[in-house]
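Fold and geometry: a report
The chain contents come next:
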Amino acid sequence: MSTPHPRRRSLLQAAAGLSVPAAALSAADAAAARPRPGARPVRTLQRDRGPRTGTYVHSGAGNVLWGHLPNRGTEPVAVVRSGDVVTLDTVSHEGLLEDQGKDPLGYFTSFGVAEHDVLGDAVEIAARVAHDGPGPHVVSRPVAVAGAEPGDVLKVEVLDLALRVPYGVISNRHGKGALPGELPELWRGDPAVAQYLNVGGNVSVFTSVAASGGDLVGVMPGPVSPRFPLAPFLGMMGVARDTSAMVDSVPPTTAGGNMDVKDLVVGSTLYLPVQVPGAMFFVGDPHMAQGHGEVALTAMEGSLRATVRLSVVRPGDGAPLAARDHPFAETPEHWIPMGLSDPDGPEGGGNGTDLDEAVRNAVRNAMWFLTEDLGVPGPVAYAYLSAAGDFHVSQVVDRTVGVHATLRKADFRAR
């Protein structure tokens, strides 16, 4: 019997559970993070407070951009070595935006939030940082990884995602979402829903965090008060694009960015094709929970403290070959090829928003992975995707829409 190619063997070993991911939190830290009976479900993590691992990057005014992403000319806030752990504070844009008064202290306390549970970073950003980009997002200034060069892949292991506050906000604004022209226009002038509308009739639904059976849930307002489990992830992880132009924070590209893939929770790994020296890794758009599609416009947006390990690897040697040109992810159970409707970005004019094209690109990238990384014959790979591959709508609200596949690793374990 022939011996598998070393790269394919390592991927199949990982699928068989022979590759052990790096630990996120110690058992003691994990136990301490669980809500205690009678305690507040989440301890507010102000800057420089609470657990931090490795290089710590706070989210004060000097460390963030508002509405745009780093480019090749942006100075990093820190330089780390390949394999280092970095803890980055993030701040949600919700509660800071103009239609919410650009006054996070006043906005959140109006919902009964105590002043000490409003992040000082949020207040500082709203007062001192220019909202000078076209997007809404508060984005970290980049972390450079020494030795990273174009052609490399930045491997991002998500080790921990801690809630910084016990609440979040879900919004629909600016004629965006899956039903533009229908919602929120239908509700304007309706006194029964006036409490959920901001300036200009935009919608923001404040959602609190509660403990339920040892888990954290989002609790929505209203007579029915839906509850749903939290699954925090960063809607935005990326590397700087090789351009000197302003990069809009909204549409995702081959460099990552605002991908809104809900599977990128603790224990997942994201691979990003490096575009500029140092990679210039950034994060933003923290989510406490999201459904596939993110149909209203935002997820349950809420500030997080993220701990990641950043490693420089090569396509085919530490990263799938499919990650050479496109973001690619994995969890312990799945490989996750991704597809975007306009992966090169809108800077060249226009912005492709065809969901069908995002599906086609996700299928192409999944085919590339199965054939080139795993060695599956093309016709078999195509048939497998039809029989057993799942394709999910990541989001339909970022102009560039996204679709990602989930391919079960267990399907490729040696029999």
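Here's a quick rundown of the structure.

Definitions and limits used
Residues numbered from 1 in each chain as written. Predicted model: local features only at pLDDT ≥ 70, side-chain atom pairs only at ≥ 80, totals over all residues. Heavy atoms only, no water. Salt bridge = Lys/Arg side-chain N within 4 Å of Asp/Glu carboxyl O. Helix = DSSP H or I, 4+ residues; strand = E, 2+ residues; numbered from the N terminus. Buried < 20%, exposed > 50% of the residue type's maximum accessible area, 1.4 Å probe, protein only. Core = buried A, V, L, I, M, F, W, Y, C linked by side-chain atoms within 4.5 Å. Contact = heavy atoms within 4.5 Å. Polar contact = N/O pair within 3.5 Å; in protein donor to acceptor, adjacent residues only side chain to side chain.

With that out of the way, let us pick up the pattern of salt bridges. Across all of its chains, the model carries 19 salt bridges by this definition. The salt bridge involving Arg72 is made with Asp242; its shortest N-O contact spans 3.1 Å. Of this pair, Arg72 sits in the loop between strand 3 (68–69) and strand 4 (78–80) while Asp242 sits in the loop between strand 13 (233–239) and strand 14 (247–248); the two residues are 170 residues apart in sequence, bridging distant segments of the chain. A salt bridge links Arg408 to Asp411, with the nearest nitrogen and oxygen atoms 3.2 Å apart. By relative accessible area, which is 34% here, Arg408 ends up partly exposed. On the basis of relative accessible area, Asp411 is assigned to the partly exposed category, the value being 28%. Bridged by salt links that share partners, the residues Arg47, Asp89, Asp121, Glu124, Arg128, Arg164 and Arg305 form one connected network.

Moving on: the environment of Gly73. Relative to the elements of secondary structure, Gly73 occurs in the loop between strand 3 and strand 4. Sequence separation between Gly73 and Ser244 is 171 residues, and the spatial gap between their C-alpha atoms is 6.3 Å.

To continue, consider the nonpolar core. Ranked by size, the top nonpolar core spans 61 residues in total, and within it Leu154, Val156, Met237, Leu270, Phe281 and Leu310 carry the most contacts. In terms of residue count, strand 8 (residues 153–163) provides more of this core than any other element does, 5 residues in total. Setting aside anything within four residues of it in sequence, one finds Leu270 in contact with Leu154, Lys155, Val156, Met237, Met259, Leu264, Pro327, Phe328, Ala329 and Met338.

Okay, unusual backbone geometry next. In most cases, non-glycine residues show a negative phi, while peptide bonds are predominantly trans. With an omega of 10°, the peptide bond between Leu183 and Pro184 qualifies as cis. Along the chain, Pro184 turns up in the loop between strand 9 (167–172) and strand 10 (203–212). Backbone geometry at Lys102 places phi at a positive 50°, although glycine is not the residue there. Tracing the backbone shows Lys102 in the loop between strand 5 (84–89) and helix 3 (104–109). What makes Lys102 partly exposed here is its relative accessible area of 32%. Unusually for a residue other than glycine, Asp285 sits at a positive phi of about 50°. Secondary-structure assignment places Asp285 in strand 17 (residues 281–289). Of the residues examined, Asp285 reaches a relative accessible area of 3% and is grouped as buried.

Take Glu185: it is sitting in the loop between strand 9 and strand 10. By relative accessible area, Glu185 is classed as partly exposed at 33%. Once the C-alpha coordinates of Glu185 and Asn202 are considered, the two residues, 17 residues apart in sequence, prove to be 9.0 Å apart. Among the polar contacts listed, one links the side chain of Glu185 to the backbone nitrogen of Leu183, at a separation of 3.4 Å.

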